[in-house]
Number of protein chains: 2
Amino acid sequence: MAALQNDRLLRALLRQPVDRTPIWIMRQAGRYLPEYRATRERAGSFMDLCRNPELACEVTLQPLERFELDAAILFSDILTVPDAMGLGLYFEAGEGPRFERPVRTARDVDALPVPDPEDELGYVMDAVRTIRRALAGRVPLLGFSGSPWTLATYMVEGGSSKEFAHSKGLLYGQPAVLHALLDKLARAVTAYLNAQVAAGAQALMIFDTWGGTLTPAAYGEFSLRYMRQVVEGLTREHEGRPVPVILFTKGGGQWLERQADTGCDALGLDWTLDIGDARARVGERVALQGNMDPGVLYGSAQAIRNEVTRILADFGPYPGHVFNLGHGIHQHIDPENVRVLVDAVHELSAPYHSPGG
Amino acid sequence: MAALQNDRLLRALLRQPVDRTPIWIMRQAGRYLPEYRATRERAGSFMDLCRNPELACEVTLQPLERFELDAAILFSDILTVPDAMGLGLYFEAGEGPRFERPVRTARDVDALPVPDPEDELGYVMDAVRTIRRALAGRVPLLGFSGSPWTLATYMVEGGSSKEFAHSKGLLYGQPAVLHALLDKLARAVTAYLNAQVAAGAQALMIFDTWGGTLTPAAYGEFSLRYMRQVVEGLTREHEGRPVPVILFTKGGGQWLERQADTGCDALGLDWTLDIGDARARVGERVALQGNMDPGVLYGSAQAIRNEVTRILADFGPYPGHVFNLGHGIHQHIDPENVRVLVDAVHELSAPYHSPGG
């Protein structure tokens, strides 16, 4: 493997000194880029793109050609694991992801296999290997998965949801069935992420998109507990380097201390809390990733630079900050505003770091 | 006016002793009730129902016929004010509310009138008067409005939104235009709520459904500031009694202390924080309303009673708790579960209060 030329991301996730604050952007390979839309067009459906390692590699690298980003992230979908469990993932225009066979009963849960990552999910591992080769050490490659709770909501609802009727019905009506599903998912996610590391992922992120829809107690019992189970089962060193793990619960800013206790290396933050307050709360236990409102990118270049200035000052001159948006970039953002953001982070963060890292 | 027979709600909002914790339910007059669906069918469209004082009164009273609730809440929509400003509200099947003429520019904002509540919004005041008469002192009547920021998002986006592209574009691109809109809305909302009080509303609630989509700084500047402006302009005593004001920012649990500083009497809480922690944070400054996850009502009767037990114990033996869900009741909830909830709150809260209140 080629030596890593830019290790800012990995160093920052481990709270080691860097020369500038690293930045990557959730959903950086996506619909806001015309070159992404062109590749997507060629691929066919969204899942055809995910399942084609060459094209997944192509779109993963596209944002790196435009912007001075400090990481690549595997292009894939969080629903690959439930799909590999046999639920029949499809996408309905304007409706988002759907499953042909939702999971609702103890019998449904019992029947679910824990997929072999190199078999049913081999196309993801092929994409990781292809991307890693193509990166040739330019920046590190992040792998990822949805959290067990987040995957469970899609599997139980049969798709996206606003009210989580069936998942909350299980949670408050048949919690044992939900626990059985979450335990199976924790095992599947652990195997999936470890296979990504074996294939070349150099850091990992767990996306708990829907953990913030729970009460503090239910979050602990049904989401955090299973993320902890995943974190405890992960390969934490590979190729002679630590493999840092980022845990991100959207809307979970009230529970940072508990998230930091899972054994992860870093926490993702949305934009509803000040990153300086977050740092004061978690101290030196974890690094922090975030936390600009993606909506700032609809604003002026000056507003983007102002927000970058504020967030960097708020975090202060400490090790352990990875700049990112607080959620995925929206599809109607002008790519030029992303350039303003990335350049501002590198330029404006330098004074917070010692020369040479 | 008939004397008020059940003043638990008003007393609890003012942190005065009561015999049992009062309960009402956000969207208690709604689609989960077959009798509501029947009236709605007769009325025609949703807005036809809102605009018909007799039918609005009928649906407002329906949940009180079924359950031992401690308050009625005016049946109306938060978008009546923007509609009265001439934006052309309509409802598209499956799409939610839409405006024919969204507000996007300084010129659009300048052209907006501040509606006269007894003229363009006279149908709402007629509904308040009709309901108040029909209640005959049984329980108090709550009036309400959307917050300036929440109304602005619908007006700028032209309807519901997930990404708030246009509102965030204004916020981070042309903040002066947004401030002009919010100031106008604050004046319109103040006049609208004061007219509801004059017509008979005995307590008020401001719904800031979308404040939780903002950064802490933007929340202060674009949402909280204008709610404070509204609160400062409200009639706080009428018919010889105080008129308590409840402020509710969905997803705003991180900012309770700042909300308590607006001069309101009570804060609404969603279910992502423990009500005991919230009470410790705001101390004796405000009462608290909440905070059961509406999803619990998909669960078993035992789960409902368990959650009621937990929330009551968490709040403890203090004055100033109004039980409610943390957001509106969902449409597919079994009304029998609402009965379980209401009865559980009255039964299980008695030991926390002195006999006789």
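Residues numbered from 1 in each chain as written. Chains lettered and ligands numbered in written order. Predicted model: local features only at pLDDT ≥ 70, side-chain atom pairs only at ≥ 80, totals over all residues.

So, the environment of A12(B)
Residues and elements named next belong to chain B. Within the fold, A12 resides in helix 1 (residues 8-13). In this structure A12 comes out as buried when scored by C-beta crowding, with 28 C-beta atoms within 10 Å. Once the C-alpha coordinates of A12 and V245 are considered, the two residues, 233 residues apart in sequence, prove to be 12 Å apart. For A12, the contacting residues outside a window of four places in its chain are V18, P22, A287, P319, G320, H321 and V322. (Helix = DSSP H or I, 4+ residues; strand = E, 2+ residues; numbered from the N terminus. Buried ≥ 20, exposed ≤ 12 C-beta atoms within 10 Å, placed from the backbone. Contact = placed C-beta atoms within 7 Å.)

Things to note about unusual backbone geometry
All names here are of chain A. The omega angle of the peptide bond from G290 to N291 is -10 degrees, so this bond is cis rather than trans. Residue position: N291 is located in strand 10 (residues 287-292). With phi around 60 degrees, R27 is a residue other than glycine that occupies positive phi space. If you trace the backbone, R27 turns up in the loop between helix 1 (8-13) and helix 2 (34-43).

Some thoughts on the interface of chain B and chain A
Contact residues are listed per partner, giving 26 residues for chain B and 26 residues for chain A. With five residues, the top contributor of residues to the side of chain B that touches chain A is helix 9 (residues 165-173) of chain B.

Some words on helix 7 (residues 122-135) of chain A
All names here are of chain A. Look at helix 7: 20 Å from first C-alpha to last across 14 residues, which is about the 20 Å you get at 1.5 Å a residue. Taken residue by residue, helix 7 has V124, M125, A127, V128, T130, I131, R132 and L135 as its buried positions. As for helix 7, its buried residues are in contact with helix 4 (53-66), strand 1 (72-73), helix 5 (80-87), strand 4 (141-146) and helix 10 (175-199). The positive-phi residue at the C-terminal boundary of helix 7 is A136, with phi of around 50 degrees. (Expected span 1.5 Å × (residues − 1).)

A word on the relation of the copies chain B and chain A
For these two chains of identical sequence, chain B goes onto chain A by a turn of 180 degrees and a shift of 0.0 Å along the axis, with RMSD 0.0 Å. The relationship between the two copies is best expressed as a two-fold rotation axis. Using C-alpha coordinates, one finds that chain B approaches the rotation axis most closely at Q254(B), a distance of 3.4 Å. The share of interface residues of chain B whose copies in chain A are also at the interface is 100%, consistent with both copies meeting through the same surface. (Least-squares fit on C-alpha atoms with pLDDT ≥ 70 in both.)

Examining the environment of I311(A)
Positionally, I311(A) belongs in helix 14 (residues 301-315). If near-sequence neighbours (up to four positions away) are discounted, I311(A) is found in contact with I275(A), N291(A) and M292(A).

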